[in-house]
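# Reading the structure
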Amino acid sequence: ELKSMSSCEKTVSGISVAFWVAFGCFGVGQISHGLYSGRAFYEYAMLIYLSQGWAFVYMAMLGLWMAFREAFMEIDHYLAAIFMEVIQFIMFVTSSFLVFVGPWAVEESGMFDLNVMTLAQLVSMIGIIMALLHLCVGIMRPRWRRQEKEQAEALERAKSKASPEGT
């Protein structure tokens, strides 16, 4: 039986999905910039944009998979769940720094843009916050789920006492 997620876990999982989609968009931006730059595929600048872009897309897909796995697949062992949260912590911190120092933040780069750089800083800050939140979620998950289960049972008891059939 799949244990239901607590409301805190649902919120963190939803924000995780939004973060990874935004992170992936930065990768798609690098790929499209490289493809539309008019350079030959063997030139260094083209190779940098394409490889960095695909690395961003790969990390985004891995992060999305981890977010969906957390939401829909139960990990029964407490240490395995903690280890999964530590891996997500590392992924969020790494991707936050990658998006923070991307080519949109380098003035000599063809992708330099203050608006995109500001967006990258915002996404980076959200990633660092999500990294810390995932550590908290890993530690608090059993307690949150126990509390929500107890609240649901109490609500069912109250409904059965309040209904005319229950008396």
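Residue indices follow the written sequence of each chain, beginning from 1 at its first position. pLDDT decides what is reported in this predicted model: residues at 70 or higher carry local features, side-chain atom pairs at 80 or more are listed and counted, and totals for whole chains, interfaces and linings draw on all residues regardless. Think of the side-chain values as coming from all heavy atoms in the structure, minus any hydrogens and water.

What follows concerns the overall build of the protein chain. Scanning the protein chain for helices and strands turns up four helices and zero strands. By definition, any uninterrupted DSSP run of H or I lasting at least four residues is a helix, any uninterrupted run of E lasting at least two residues is a strand, and each is numbered from the N terminus. Order of helices (α) and strands (β) in the protein chain, N terminus to C terminus: α-α-α-α. The C-alpha radius of gyration of the protein chain comes to 21 Å, more than 25% above the 15 Å expected for a compact globule of 167 residues. Dimensions of the protein chain, computed from the C-alpha atoms along their principal axes, are close to 80 × 30 × 20 Å. For every residue, the accessible area obtained with a 1.4 Å probe (protein chains only) is divided by the maximum for its type, and the residue is called buried under 20%, exposed over 50%, and partly exposed between those limits. Every one of the 167 residues in the protein chain was classed for burial, and the buried ones make up 33%. Note on areas: Shrake-Rupley, 1.4 Å probe, and residue coverage restricted to the protein chains presented here. Carbon and sulfur atoms form 69% of the exposed surface of the protein chain, whose accessible area is close to 10300 Å². Between the centroid of the 12 positive side chains of the protein chain and the centroid of its 15 negative side chains there is a distance of 10 Å. Each radius of gyration is computed over the set of C-alpha atoms, and the globule rule expresses the reference value as 2.2 Å times the number of residues to the power 0.38. His is not counted, nor are the chain ends, whereas Lys and Arg count as positive and Asp and Glu as negative. Taken as the charge centre is NZ of Lys, CZ of Arg, CG of Asp or CD of Glu, depending on the residue.

Another point: the packing of helix α1 (residues 7–35) against helix α4 (residues 114–162). Axis lines are fitted through C-alpha atoms, for helices just across the contact stretch, and the angle between N-to-C directions can take any value from 0 to 180 degrees. Packing of α1 against α4 brings their axes to within 8 Å, and their N-to-C directions diverge by 155°. Compared by their axis directions, α1 and α4 come out roughly antiparallel. As α1 runs across α4, the sense of the crossing is left-handed. When grouped by side-chain class, the residues that make up the contact of α1 with α4 number 15 nonpolar, four polar and four charged. For classification, angles of less than 35 degrees are called roughly parallel, those exceeding 145 degrees roughly antiparallel, those between 65 and 115 degrees roughly perpendicular, and all remaining angles oblique. If you view the pair so one helix is near and one far, a crossing is left-handed when the near helix is turned anticlockwise from the far one by less than a right angle, and right-handed when it is turned clockwise. Under the scheme applied, nonpolar residues are Ala, Val, Leu, Ile, Met, Phe, Trp, Tyr, Cys and Pro; charged residues are Asp, Glu, Lys and Arg; polar residues are all the others, including Gly.

We now examine the nonpolar core. Throughout, nonpolar core names a set of buried Ala, Val, Leu, Ile, Met, Phe, Trp, Tyr and Cys residues whose side chains join them through atoms within 4.5 Å. Phe 23, Phe 26, Val 99 and Trp 104 are the most contacted members of the largest nonpolar core, which totals 22 residues. Those elements that provide at least two residues to this core are α1, α2 (44–72), α3 (78–100) and α4.

Below, the discussion takes up the side chain of Ser 109. Among the structural elements, Ser 109 can be located in the loop between α3 and α4. Contacts described as polar in this section are N or O atom pairs within 3.5 Å, which, within protein, must combine one atom able to donate a hydrogen with one able to accept it, while residues neighboring in sequence count only if both atoms come from side chains. Here Pro 103 takes part through its backbone oxygen, which lies 3.1 Å from a polar atom of the side chain of Ser 109. What makes two residues a contact is simply this: any of their non-hydrogen atoms within 4.5 Å. Ignoring sequence-local partners within four residues, the contact set of Ser 109 consists of Tyr 49 and Pro 103.

Within the secondary structure layout, Gly 53 lies in helix α2. Owing to a relative accessible area of 0%, Gly 53 belongs among the buried residues under this scheme. As a C-alpha pair, Gly 53 and Ser 7 span 46 residues in sequence and 34 Å in three-dimensional space. Leave out the neighbours within four places in its chain, and Gly 53 touches Gly 27, Gln 30 and Ile 31.

A separate point is the packing of α3 against α4. Orientation of α3 relative to α4, taken along the N-to-C sense of each, is 170°, at an axis distance of 8 Å. Compared by their axis directions, α3 and α4 come out roughly antiparallel. The residue inventory of the contact of α3 with α4, partitioned by class, reads 20 nonpolar, seven polar and two charged.

Bringing the packing of aromatic side chains into the picture now. Centre distance and the angle of the planes are the two values used to describe a pair of aromatic rings. Classification of ring pairs rests on two measures: the distance between centres of Phe, Tyr or Trp rings, Trp counted by its six-membered ring, which must be within 6.5 Å, and the angle between planes, read as stacked under 30 degrees, edge-to-face over 60 and tilted in between. In this structure the tally under the stated criterion is eight aromatic pairs. Taking 4.8 Å as the distance between ring centres and 45° as the angle between the ring planes, the aromatic pair formed by Phe 26 and Trp 104 counts as tilted. Here Phe 26 is found in helix α1, whereas its partner Trp 104 is found in the loop between α3 and α4, with 78 residues between them in sequence. For the residue pair Phe 26 and Trp 104, the accessibility class agrees, reading buried in each case. An aromatic cluster is present here, built from Phe 19, Trp 20, Phe 23, Phe 26, Phe 56, Phe 92 and Trp 104 joined pairwise through their rings.

Residues with no salt bridge and a relative accessible area higher than 30% make up the patches, which join like charges within 9 Å and nonpolar side chains (Val, Leu, Ile, Met, Phe, Trp, Tyr) within 5 Å. A carboxyl oxygen of Asp or Glu within 4 Å of a side-chain nitrogen of Lys or Arg is what we treat as a salt bridge. Taken together, the side chains of Ile 15, Leu 119, Leu 122, Met 125, Ile 126, Ile 129 and Leu 133 define a hydrophobic patch exposed on the protein surface, amounting to about 570 Å² of accessible area. Counting residues per element, the nonpolar patch draws most heavily on α4, at six residues. Residue placement: Leu 133 occurs in helix α4.

This next bit is on the side chain of Glu 85. Along the chain, Glu 85 turns up in helix α3. Within the structure, the side chain of Glu 85 is placed 2.7 Å from the side chain of His 134, a separation counted as a polar contact. With residues near it in sequence (within four places) discarded, Glu 85 still touches Glu 70, His 134, Leu 135, Val 137, Gly 138 and Arg 141.

This next bit is on α3. What a helix is expected to span follows from its residue count: subtract one and scale by 1.5 Å. If you check α3, its first and last C-alpha atoms are 33 Å apart, about what 23 residues at 1.5 Å a residue would give, namely 33 Å. Looking at the buried positions of α3, the neighbouring elements they touch are α1, α2 and α4.

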